[in-house]
Amino acid sequence: MPIDFTQVPSACFVLEEAKLRRNLEIMQYVQQQSGAKIILALKGFAMFSVFPLVRQYLHGTTASSLNEARLGYEEFGDEVHAYCPAYFSDEFDEMMRYCNHLTFNSLNQWDKFKTQVLHHSKKISCGLRVNPEYAEVDTDLYNPCAVGTRLGISIDHLGNQLPEGIEGVHFHTLCESDSHTLERTLRVIEGRFGHLLRQAKWMNWGGGHLMTREGYDLGHLISLVKEFQEKYQVEIIMEPGSAVAWETGYLTSTVEDIFDSKGINAVVLDISISTHMPDCIEMPYKPKVLGATDTVSGQLAYRLGGLSCLAGDYVGDYSFEQPLEIGDKIVFNDMMHYTMVKTTFFNGVRHPSIGIWREDDHFELVTQLGYQAFKDKLS
Ligand SMILES: Cc1ncc(COP(=O)(O)O)c(C=O)c1O
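Quick summary incoming for the structure in this document. (Residues numbered from 1 in each chain as written. Predicted model: local features only at pLDDT ≥ 70, side-chain atom pairs only at ≥ 80, totals over all residues. Heavy atoms only, no water.)

Things to note about the site of the ligand
Here is step 1: Lys43, Gly208, Glu239, Ser242 and Tyr338 are the nearest of the 13 residues found near the ligand.
Here is step 2: Between an oxygen atom of the ligand and a side-chain N or O atom of Lys43, the distance comes to 2.9 Å.
Here is step 3: Within the side chain of His172, one N or O atom sits 3.4 Å away from an oxygen atom of the ligand.
Here is step 4: Calculation on the ligand without its partners gives an accessible area of 400 Å², and the protein chains cover 87% of this total.
Here is step 5: By residue class, the composition of the shell around the ligand is 4 nonpolar, 6 polar and 3 charged. (Near = heavy atom within 4 Å. Polar contact = N/O pair within 3.5 Å; in protein donor to acceptor, adjacent residues only side chain to side chain. Areas by Shrake-Rupley, 256 points an atom, 1.4 Å probe, with all protein chains shown as cover. Nonpolar A, V, L, I, M, F, W, Y, C, P; charged D, E, K, R; others polar.)

Details of the pairing of strand E15 (residues 314-320)
Here is step 1: Burial analysis of E15 places 6 of its 7 residues in the buried class, the great majority of the element.
Here is step 2: Both strand E13 (residues 292-293) and E15 contribute to a ladder of 2 bridges, which runs antiparallel. Each bridged residue has a counterpart across the sheet, and for Thr293 the counterpart in E15 is Ser319.
Here is step 3: Here strand E14 (residues 301-305) pairs with E15 via 5 bridges, running antiparallel. From the neighbouring strand, Tyr302 faces E15, where its bridge partner is Tyr318. (Buried < 20%, exposed > 50% of the residue type's maximum accessible area, 1.4 Å probe, protein only. Helix = DSSP H or I, 4+ residues; strand = E, 2+ residues; numbered from the N terminus. Pairing = 2+ DSSP bridges.)

Quick word on a nonpolar patch on the surface
Here is step 1: A cluster of nonpolar side chains, Ile281, Leu310 and Phe346, forms an exposed patch at the surface whose accessible area comes to about 240 Å².
Here is step 2: By secondary structure assignment, the location of Ile281 is in helix H10 (residues 278-282).
Here is step 3: Look at Ile281 and you get partly exposed, because its relative accessible area is 33%. (Patch = residues over 30% accessible without salt bridge, like charges linked within 9 Å, V, L, I, M, F, W, Y side chains within 5 Å. Salt bridge = Lys/Arg side-chain N within 4 Å of Asp/Glu carboxyl O.)

Some words on the nonpolar core
Here is step 1: In terms of nonpolar packing, the biggest core is built from 98 residues, with Leu58, Leu102, Met203, Trp205, Met211, Leu304 and Phe332 touching the most fellow members.
Here is step 2: Looking at which domains feed residues into this core, each of domain 1 (5-12 + 249-335 + 343-376) and domain 2 (35-245) supplies at least three. (Core = buried A, V, L, I, M, F, W, Y, C linked by side-chain atoms within 4.5 Å. Domains from an automatic or database assignment.)

Examining the sheet that holds strand E2 (residues 37-38)
Here is step 1: Strand order in this open sheet of 9 strands is E2-E10-E9-E8-E7-E6-E5-E4-E3, and the pairing throughout is parallel. Taken across any chain shown, the strands that pair with only one partner, and hence form the sheet edges, are E2 and strand E3 (40-41).
Here is step 2: Two elements, strand E5 (residues 79-83) and strand E6 (residues 101-104), share 3 bridges in a ladder whose sense is parallel. Within the sheet, the bridge partner assigned to Ala82 lies in E6 and is Leu102.

If you want it as structure tokens, here you go:
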């Protein structure tokens, strides 16, 4: 049954449990058919109240900071991997406590920490992030291979041998990509790093594999994994964030005010686009609104805006079938990956609640963030 939004408060991020399970089942299929290991990138989705479900399907988590590593260790368990552009000396012991795989971003970083990690009482498998110098990404903001990038080691710094103690090769160059972009990337990587792959035990293909999007060619992905496992005798790891939570939930909001602003129907919602859906402004992109179309003219077109002082705190113009009224609910689609983890308390704006629409068709409120959460991050 579809969600009954009358049961969901406003404003609220609400995850649809059945849709999350569907995505996880696709990932389980990929793992079973290919032998790859899939872990959750916490930077993209970190709603730990649903980790008991995610844990039934995925092998663990990957972190990009000590905070995420601890969250993965305490709330998910199983394997905890990490990759950070830089690890800190005063955090590294704790990082090693939580993690069983660590990927280093540069040879400087590896030199700095290799003695500590190789002599640690627990076995930690170490890898290097490489820069394939190939990414099918249009904007530099999202291109890890742009000239002057700080992300990963290029082949001219690596030579013919993986450094002693390094067992894995990691790359991350995809973003909401299909398997054919992956294949083209892998062919470049083989050309540049093939000799190093033969020395590795594992290869981490990073995130950006949108295998839960309709039309994704799962068979092709599975054949690529099998090919690389066989050819290089490596374990293949993938660490998607977006694909796990793709189209699994919503942000509900309410119309607080509507007025004419020089011929445009300006709407003030009880959320803020810049603080609760920042990617809509940063990326930028225009999210889908349930029951509305993406058109920009006419009597029934409205400009949906938020509570912050930012003049551009609006998500765009939408047309509705009926005139909007104060008190109407507006529901934004696909708000689980990245959106939830990136919210802020700018302007002290009230944070949306967080809840789950359970598989047995009832709403469960998980948390309401109030004044204390706002105050805790101030001095
Ligand atoms: C190193 C690394 N791994 C995994 C991911 C997750 O990517 P996605 O959420 O696009 O699958 C990211 C995202 O930026 C990343 O930087």
